[in-house]
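# Overview (structure and organization)
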Amino acid sequence: MKHTYTGYGSEYVKLQFRKAGSAAYTIVKTVKASATGALNITVAASVDGIWRWAFGGTSTTDTLVSGGDYVDVR
């Protein structure tokens, strides 16, 4: 039996952003993961805020939201 982490591939994940001082996240883009579960996207940050990933789940997997990363735009 294999006991290593493998990504959940070919599923859609949403990149979300919350402007500093706001309580609500907005969806910036929906990205399809590679076959190995890797995510790759480039976006420009124009204001300070928190970025995170949100996965809607499947029939066998719960929804999941990543921890957020704060970006300070200078």
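In what follows, the structure referred to is the one given above.
These lines cover the structure that appears in this document, whether it is placed above or below. (Residues numbered from 1 in each chain as written. Predicted model: local features only at pLDDT ≥ 70, side-chain atom pairs only at ≥ 80, totals over all residues. Heavy atoms only, no water.)

Burial within strand E3 (residues 49-55) is extensive, with five of its seven residues counted as buried. Bridge count between strand E1 (residues 12-19) and E3: seven bridges; the pairing is antiparallel. Paired with phenylalanine 17 across the two strands is tryptophan 51, which belongs to E3. Where E3 lies against strand E5 (residues 69-71), three bridges are found, and the strand directions are antiparallel. Among the inter-strand pairings, tryptophan 51 is bridged to a residue of E5, identified as aspartate 69. Taken together, the two bridges between E3 and strand E4 (residues 64-65) define a ladder with antiparallel strand orientation. Looking across to E4, one finds that alanine 54 is bridged to valine 65. (Buried < 20%, exposed > 50% of the residue type's maximum accessible area, 1.4 Å probe, protein only. Helix = DSSP H or I, 4+ residues; strand = E, 2+ residues; numbered from the N terminus. Pairing = 2+ DSSP bridges.)

This part takes up unusual backbone geometry. Not every positive phi belongs to a glycine, and serine 10 is a case in point at roughly 60°. Considering the arrangement of structural elements, one finds serine 10 in the segment before E1.

What follows concerns the pattern of salt bridges. A pair can form between side chains of opposite charge whenever their charged atoms are brought close. Using the criterion set out here, one finds one salt bridge in the structure. Notably, a salt bridge pairs aspartate 72 with arginine 74, separated by 3.1 Å at the nearest N-O pair. Look at aspartate 72 and you get partly exposed, because its relative accessible area is 39%. With a relative accessible area of 87%, arginine 74 lands in the exposed category. (Salt bridge = Lys/Arg side-chain N within 4 Å of Asp/Glu carboxyl O.)

Turning next to the packing of aromatic side chains. On inspection of all chains with the given rule, the structure shows one aromatic pair. Both rings, one in phenylalanine 17 and one in tryptophan 51, keep their centres 4.6 Å apart while their planes meet at 45°; by these two values the pair is tilted. In this pair, phenylalanine 17 sits in strand E1 while tryptophan 51 sits in strand E3, placing the two residues 34 residues apart along the sequence. Using a relative accessible area of 11% as the deciding quantity, one classes phenylalanine 17 as buried. In this structure tryptophan 51 comes out as buried when scored by relative accessible area, which is 14%. (Phe/Tyr/Trp six-rings, centres within 6.5 Å; stacked < 30°, edge-to-face > 60°.)

These figures come from the coordinates and say nothing about function on their own.
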